[in-house]
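Summary of the model geometry
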Amino acid sequence: MRPSAVVFLCGLLSLGCDSADVAPAPPSSDTRGPGATIDPALRYAAMCASCHGEAGEGGLGSRLVDSARSVEQLTQIIDERMPQGNPGACRGTCASSIAQYIKTRFTSQALSCATVAPSARRLRLLTRREYRATVRDLLDLPAPSTPPTTPPGTDPSCGRHRFAYSPPSAARSVHVAGSFNGWSPTAWPMTWVEGVREWQSERELPDGTYQYKFVVDGSQWVSDPRATASMPDGFGGQNSVLTLRCADAGAPAPAPPGGVDPVEEATRSLPVESRPQGFAFDDNADTALVTSVHVNEYLRAGRSLTAAVSSRLRAVVGCEASADRAACANTLVRGFGTRVFRRALSAAEMQRYGALVTGARDVD
Ligand code: HEC
């Protein structure tokens, strides 16, 4: 759903994104071979985008958006040095037309509109919350009625963590640096608390797994002696590891009346979404990468959920196979299929999935 989300954001944040605001592509004057005008946009896409980004947003190469350089300066750089590794490939009019193109097209305003051009549809990993809600809905596994626990947000320790450190010898300053603050050695100062004789800092931290160290007197990086986990820091030392699972574990879910809730049970060890510091939502598509841990866990969750509903599979899929296989296939695909796809299926889809059901050894 990303493209539409981006369109929506553009609509909100970037007023005036109509095409008139986007500078027209400069006419291309370059010819290669008789009459062959090569569009600088195509050239850029072919020779430069892999490093500088589709819309100049940067990547392996520098960001080109709102470049302070003049067209002449850009032309010279491209002519002499670009594409990196093959500087002869774009000289003369090739260089100047791309420079012109960069200058007119890669402005932040044009970019905020240009990037919403719908691209290939991307898949986004469901968050754990979405996954649980989805399988509950599909497999007709209602959420267990939980007795009132501390409502989210009112548990004072939830979403916060107190770092504490007592250095072996007196220190002038101690800071916490870690994956939550970009490893800044100065961003999160700690305060000396004389009563307990330790440095402390209490911080708001969303659920997640973080690595960190303490920075003593601005230069000495030490791991947290009280940390319960650590991992190599890549420099021969150890980073301390902090895992916060407040939303899940803050109030250990009481066993529902009928025993363990199968959805909770199946999804307990799905990886926690990674969330940039301060990001309010848990569905940041760009950080939701499918790791091998995800693959294994989703597979495990699928098996566990299937087992949980196996006794009522017929009821869930809505048909009794023994009677009439074709009618059963039709009911299954029409009913369950609609819930899976969240829309009516096309005739071709009905046929395709129907054939799967009728062709299978048994409906289960
Ligand atoms: C293999 C990766 C790569 C490719 C392909 C590439 N560049 Fe670069 N480009 C870089 C890197 C890295 C830098 C920064 C180092 C430098 O300036 O040499 C850079 C710098 C630049 C700069 C200077 C930016 C600035 O303001 O300092 C421009 C302009 C530029 N590239 C344009 C282009 C154009 C146009 C193309 C295609 C014809 C291209 N590049 C292809 C990697 C690449």
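Residues numbered from 1 in each chain as written. Predicted model: local features only at pLDDT ≥ 70, side-chain atom pairs only at ≥ 80, totals over all residues. Heavy atoms only, no water.

Turning next to the overall build of the chain. In terms of regular secondary structure, the chain is built from 13 helices and nine strands. Across the 364 residues in the chain, those meeting the buried criterion constitute 32%. For the chain, the proportion of contacts with a sequence separation of at least 24, taken over those separated by at least 6, is 65%. Of the accessible surface of the chain, which amounts to about 22,000 Å², a share of 57% is contributed by carbon and sulfur atoms. (Helix = DSSP H or I, 4+ residues; strand = E, 2+ residues; numbered from the N terminus. Buried < 20%, exposed > 50% of the residue type's maximum accessible area, 1.4 Å probe, protein only. Contact = heavy atoms within 4.5 Å. Areas by Shrake-Rupley, 256 points an atom, 1.4 Å probe, with all protein chains shown as cover.)

A few words on the coordination of the iron atom of the ligand. In this structure, His52 (NE2) and Met82 (SD) serve as the protein donors to the iron atom of the ligand, at separations of 2.0 to 2.2 Å. Around the iron atom of the ligand sit six donor atoms; with metal-centred angles ranging over 87 to 177°, the donor geometry is octahedral. A residue pair is termed long-range when its members are at least 10 positions apart, and His52 in helix α3 (residues 49-52) and Met82 in the loop between α4 (71-81) and α5 (92-105) qualify at 30 residues. Given a relative accessible area of 11%, His52 falls into the buried group. (Donors = N, O, S within 2.8 Å, 3.2 Å for Na, K, Ca; no water. Tetrahedral: all angles 85-135°; square planar, octahedral: opposite > 155°, others 65-115°.)

The description of two packed helices rests on the angle between their axes and on the distance between the axes. Between helix α12 (residues 325-341) and helix α13 (residues 347-359), the least distance of the axes is 9 Å, while the angle of their chain directions is 125°. The pairing of α12 with α13 is recorded here as oblique in orientation. Considering only the axes of α12 and α13, their crossing is right-handed. Contacts between α12 and α13 involve Arg325, Ala326, Ala329, Asn330, Leu332, Val333, Arg334 and Phe341 from the former and Glu349, Met350, Tyr353, Gly354, Val357 and Thr358 from the latter. A breakdown of the residues in the contact of α12 with α13 according to their chemical character gives eight nonpolar, three polar and three charged. (Axes fitted to C-alpha atoms, helices over the stretch in contact; angles between N-to-C directions. Parallel < 35°, antiparallel > 145°, perpendicular 65-115°, else oblique. Left-handed = near helix turned anticlockwise from the far one by under 90°. Nonpolar A, V, L, I, M, F, W, Y, C, P; charged D, E, K, R; others polar.)

Here the focus is the packing of aromatic side chains. Per the counting criterion, the structure on display carries 14 aromatic pairs. Ring centres of Tyr165 and Phe214 lie 4.9 Å apart, and the angle between their planes is 25°; this geometry places the pair in the stacked category. Residue Tyr165 is found in strand β1 (residues 160-165), and its partner Phe214 is found in strand β6 (residues 208-216); the two are separated by 49 residues along the sequence. Assigned by exposure class, Tyr165 and Phe214 land together as buried. (Phe/Tyr/Trp six-rings, centres within 6.5 Å; stacked < 30°, edge-to-face > 60°.)

Next up on the list: the nonpolar core. By size, the foremost hydrophobic cluster in this structure holds 23 residues, and its most contacted members are Tyr131, Leu139, Leu141, Leu305 and Leu332. Of all elements in the fold, only α7 (128-138), α9 (262-267), α10 (292-309), α11 (313-317), α12 and α13 reach the threshold of two or more residues within this core. Per-element accounting of this core gives the leading share, five residues, to α12. No fewer than three residues from each of domain 2 (128-144 + 261-309) and domain 4 (318-359) sit in this core. Apart from the residues lying within four places of it in its own chain, the contact partners of Leu139 are Leu305, Val309, Arg312, Val316 and Arg339. Grouped together as the second largest cluster of nonpolar side chains are 17 residues, Tyr165, Val176, Leu205 and Leu242 included. (Core = buried A, V, L, I, M, F, W, Y, C linked by side-chain atoms within 4.5 Å. Domains from an automatic or database assignment.)

What follows is about the site of the ligand. Around the ligand, 17 residues are found, and the nearest of them are Cys48, Cys51, His52, Arg69 and Met82. Within the contact set of the ligand, a nitrogen atom lies 2.8 Å away from a side-chain nitrogen or oxygen of His52. For the shell around the ligand, the elements supplying multiple residues, two or more each, are α3 and α4. With four residues, the single largest contributor to the shell around the ligand is α4. Residue composition of the shell around the ligand, grouped by class: eleven nonpolar, four polar and two charged. (Near = heavy atom within 4 Å. Polar contact = N/O pair within 3.5 Å; in protein donor to acceptor, adjacent residues only side chain to side chain.)

Mapping Asn181 onto the fold places it in the loop between β2 (174-178) and β3 (188-189). According to the relative accessible area criterion, Asn181 is buried, its value standing at 13%. Of note is the side chain of Asn181, whose polar atom sits 3.0 Å from the backbone oxygen of Val176. In this structure, Asn181 is in contact with Val176, Ala187 and Trp188, ignoring residues within four places of it in sequence.

A few words now on unusual backbone geometry. Following Met82, the chain continues into Pro83 via a peptide bond in cis, with omega recorded as -10°. Mapped onto the fold, Pro83 is located in the loop between α4 and α5. Backbone geometry places Asp217, a non-glycine residue, at a positive phi of 55°. Of note, Asp217 is situated in the loop between β6 and β7 (220-222). Phi is positive for Arg342, which is not a glycine, with a value near 60°. Structurally, the position occupied by Arg342 is in the loop between α12 and α13.

Now for the state of the cysteines. Using the criterion set out here, one finds one disulfide in the structure. The disulfide partner of Cys90 is Cys94, and the S-S distance across this bridge is 2.0 Å. Disulfide Cys90-Cys94: the torsion about the S-S bond is -100°, which places it as left-handed. Residue Cys90 shares its accessibility class with Cys94, and that shared class is buried. (Disulfide = S-S within 2.5 Å.)

So, about α7. Among the residues of α7, those classed as buried are Arg128, Tyr131, Arg132, Val135, Arg136 and Leu138. With its phi angle positive at about 55°, Asp140 sits one or two positions after the end of α7.

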